[in-house]
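Fold and contact review
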Amino acid sequence: MLKSHSCGELRDEHIGDVVTLAGWVDRRRDHGGLIFIDLRDREGIVQVAFDPEKSASSHEVAGDLRNEYVVKIIGEVVRRPSGTENSRLPTGQIEITAREVSILNPSKTPPFYINEETDVDESLRLKYRYLDLRRPRMKANILFRHKTVKFIRDFLDAAGFIEVETPILIKSTPEGARDYLVPSRIHPGEFYALPQSPQQLKQLLMVAGLEKYYQIARCFRDEDTRADRQPEFTQLDLEMSFIDEEDILVLFEELFTSLVETLKPGTRVKRPFPRIGYADAMDRYGSDKPDLRFGMEIKDLSDIVAQSDFSIFRNTVADSGRVKGICAPGCAHYSRRQLDELNRLAQDFGAGGLVTIALGDSTGKLDDLTMAMVKSTAAKYLTIDEIKRMASSLQAGLGDLLLIVAAAPDLVNTVLGRLRQELGNRLGLADPDALSFAYIVGFPLLRKDNASGQWTSEHHPFTAPWPEDIPLLDTAPAKVRGRHYDMVCNGYEIGGGSLRIYTSELQKKVFRLLGYTDEEITERFGHMLEAFEFGAPPHGGIALGIDRIVMLMVGAETIREVIAFPKNQAAMDLTMNAPSPVTEEQLSDLHISLREE
RNA sequence: GGCCCCGUGGUGUAGCGGCCUAACAUGCCACCCUGUCACGGUGGAGAUCGCGGGUUCAAAUCCCGCCGGGGUCGCCA
C-alpha cells in the first residue's frame, strides 16, 4: 500500500505518529507563508499543514497543488493549536504536519464541483460519472447501497437461504416486457434474451430441491425509462418451497423492519405492515401502490348526489358511473388560478373535469357552514344539505376544499388517486422520515387486454389461483383471484411475488386460458411443464427492487442516484457512450445485416 | 408516439422587447498574505444567450421548426 492510514480514520490517539497518506486534494488554502490542504480519500478528510520552516521543499510543492491532484504525503499527526480545532470534521482535533509530499498525478480542473453540493446538469454528471461519484452525496449513496445488500445477504444466509447465480443468456419469450436480445454466432438467426427476471430458473431450482434460494439478480427490460425504472436494474429475487403466503410476508416484514432499524435508525416504520385488498386499495386510494404516509382517502359520494339537481352528478350515477371525492385540508382559499390548474390536472389524468367546493375561509364546525360561505361553480345546483353530507363523508371542515370527480368507476378512482398523490406532495402531508410499507393482496389473476380482448396475466402465468377460485377458471375468469402479493412503500411498488402453480395440469389450463395453442405451450414452456412432472414441490417467492428501496432509504428522487453507472432517459450510457455502432465484421460473424429503415 | 418543463461564460443562476458593450456567485489564471478550514485581498481572462427561420426600427427576451436534457401517459408478463 502507498499509504499507512486512511485520511478519515485519524484521531487524537494517532498524535505523534508519522503517517503516510494518499488521496485527492479536496481544497487548498494558501496563506503565502503557510499552506493548508484538505486531503480526501474514501474514508474522509484530514487537514495537512505545509509550514516552510518544517519542510521548505514540501511547502514549495504544495504551492503547485490544485483541486483533485492525487498526492502522497508523509507527515506527523499533531494536535491542532488551541482554538483552531474544527468541530465540523471528525478529524478536526488533529492535522498532519507535512514532511514530504509527492504528486502522484495532476488533474485537469474538473467540469463541476467535487467539494460542493450544487445541482449540475445530469448529462454532464453522467458523462463524468467517475467524478460525480467522488462527490459526498453519491459516495454515501453507493456506500449505503453496499450496506443494504450486505445486510440482506447476511440476513438471508442466517435464515438458511443459499445464493445461486442464474444465467444472463437465456431464452426469449414474447410475453411480458420487450426482451433485450443477443444474437448467436454459432446458431445463425437465433437469439438469446437477457432475463427480465430469473422467474423460471428459480422455480426450477425449487424443483431441484434447493428449498430456499435467493439472488441479487440483474434484470433487463427493453421498455421506456422513468425516474424509478432503468433498462437494467437489480432485484432481490427469492423463492421457497413448502410455504404459504404467510411465510413470505412475515419473512419480508422482518427483513425490512430490521434493515431499516439497522441502517436508518430513527425512520418511522409501522408494524405489522398493513395488508390491503387490491379492490380496497383502488377504492380508497385510487392506486395499487398507495402512499400510506397520509390519509386523504377517496370517498364514494354517489348516493348523496344521485338525485341532485346537478345533472353531471345525477347523470353519471344513472349511467352506472360513480361520483367520488377527496378533501384537500386547508385549501379553501385556493385562487381561481390554482383551481384551474387542479382542473387541468384532472383532465390530463383522463377526467372530463373536476368539481371543487371550497368550504369557507375560516375554521370552525361544519354545522356552521352556510351557502354564502361556499365557493363552487356547482354551488347553484347543489343544496347546502348535499354539500354538508359530502363534506361530512369526506371528514372535511371549514377551510377545506373538496375535489369531486364524476366518471366511470375505474377512471374516477385513478384520477382521484393521482390528485391525492399530487396534493399530498404539494401540501407536504407525507412524513419524509417515514417508510410506510404495506402489502397489497387479492389481485385478480387475469385481466382482459384492452386492444386484443385476450386474457393476460395480471402478474405472470405461473401465479397460482386461489384454490377456491379454481372452478371459476372455466366459468368466470375475471373473478379468479391470484395468490399474488405486492409490497409497496411510500407510493412505490417495491416488490411483488406469488405462490406458484406447481402441477403440469393446472399450468396448462392457465396457458390455454391465456390463448396459447398446445404447440406454443410445448415450444415455450415445455421445460417447465415437464419439470412439474418430476415431483415439483409447492413453492412461491418474491422479487424486490433493490434500486427503489435504496432510493427510498436515502431519500433520492430517482434510482439513478443509487446506481453507479445508470442510463439516461434515452437508455444511453453517457460514460461509455453505449449503445454504439459495431463493425461490419462483427455483424457478419453474427449473420446479421441491418435493415433499411 | 402524445403531453408538460428546462437549455445564458467551466459550474450554478439573474435578466423575459430598447437601460445588455449581458449581471451575480463560484471556478480558473497572476500577484499578495504564517492558523485557515466555503480562508482573505488586488487584478485578469472567460458567453456571438442550444441550432435554424420568422415577427419587429430593435430579440437572450415574442412566434414557428429542429436538436439536447428531464418528468409523465402509453409501455413495464
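Residues numbered from 1 in each chain as written. Chains lettered and ligands numbered in written order. Predicted model: local features only at pLDDT ≥ 70, side-chain atom pairs only at ≥ 80, totals over all residues. Heavy atoms only, no water.

Moving on, we get to the confidence of the model for chain A. Residues of chain A with pLDDT of at least 70 account for 100%, and the chain-wide mean is 95. Reported confidences for the modelled complex are a pTM of 0.95 and an ipTM of 0.93. (pLDDT = per-residue confidence, 0-100.)

Glancing now at the pairing of strand β4 (residues 70-79). Where strand β1 (residues 18-30) and β4 come together, seven bridges link them in antiparallel fashion. Its bridge partner lying in β4, T20 is registered against I74. Note that β4 and strand β5 (residues 94-105) share 10 bridges and pair antiparallel. Within the sheet, the bridge partner assigned to K72 lies in β5 and is S102. (Pairing = 2+ DSSP bridges. Helix = DSSP H or I, 4+ residues; strand = E, 2+ residues; numbered from the N terminus.)

Turning to the pattern of salt bridges, a few remarks are in order. For the structure shown, the criterion picks out 47 salt bridges. A salt bridge links D132 to R129; the nearest nitrogen and oxygen atoms lie 2.7 Å apart. Residue D132 and its partner R129 are located together in helix α3 (residues 129-132), separated by three residues, close to a single helical turn. Overall, D132 belongs to the buried group, its relative accessible area being 0%. Residue classification places R129 among the buried positions, given a relative accessible area of 0%. A salt bridge links E422 to R426, with the shortest nitrogen-to-oxygen separation between them at 2.9 Å. Taken as a pair, E422 and R426 lie in helix α12 (residues 409-426) at a separation of four residues, close to a single helical turn. Judged by its relative accessible area of 37%, R426 is partly exposed. (Salt bridge = Lys/Arg side-chain N within 4 Å of Asp/Glu carboxyl O. Buried < 20%, exposed > 50% of the residue type's maximum accessible area, 1.4 Å probe, protein only.)

The next subject is the domain arrangement of chain A. Split by domain assignment, chain A resolves into domain 1 (7-105), domain 2 (139-275 + 435-563) and domain 3 (294-426). Look at where the C-alpha atoms of domain 2 and domain 3 centre, and you get two points 38 Å apart. (Domains from an automatic or database assignment.)

So, on to the nonpolar core. L156, L236, L238, F252, F256, F437 and M487 are the most contacted members of the largest nonpolar core, which has 42 residues in total. Of all the elements, helix α6 (residues 245-263) adds the most residues to this core, at eight residues. What L238 contacts, discounting residues up to four positions off in sequence, is L156, F161, K202, Y213, Y214, I248, L251, F252, G541 and I542. Judged by nonpolar contacts, the second largest core, of 26 residues, contains F313, V323, A379 and A406. (Core = buried A, V, L, I, M, F, W, Y, C linked by side-chain atoms within 4.5 Å. Contact = heavy atoms within 4.5 Å.)

By secondary structure assignment, the location of Y192 is in strand β8 (residues 191-193). When its relative accessible area of 35% is taken as the criterion, Y192 is described as partly exposed. Put simply, Y192 and R268 are 76 residues apart on the chain and 44 Å apart in space, counted from C-alpha to C-alpha. In this view, Y192 contacts L169, I170, Y180, L181, V182 and S184; residues no more than four positions away in its chain are not counted.

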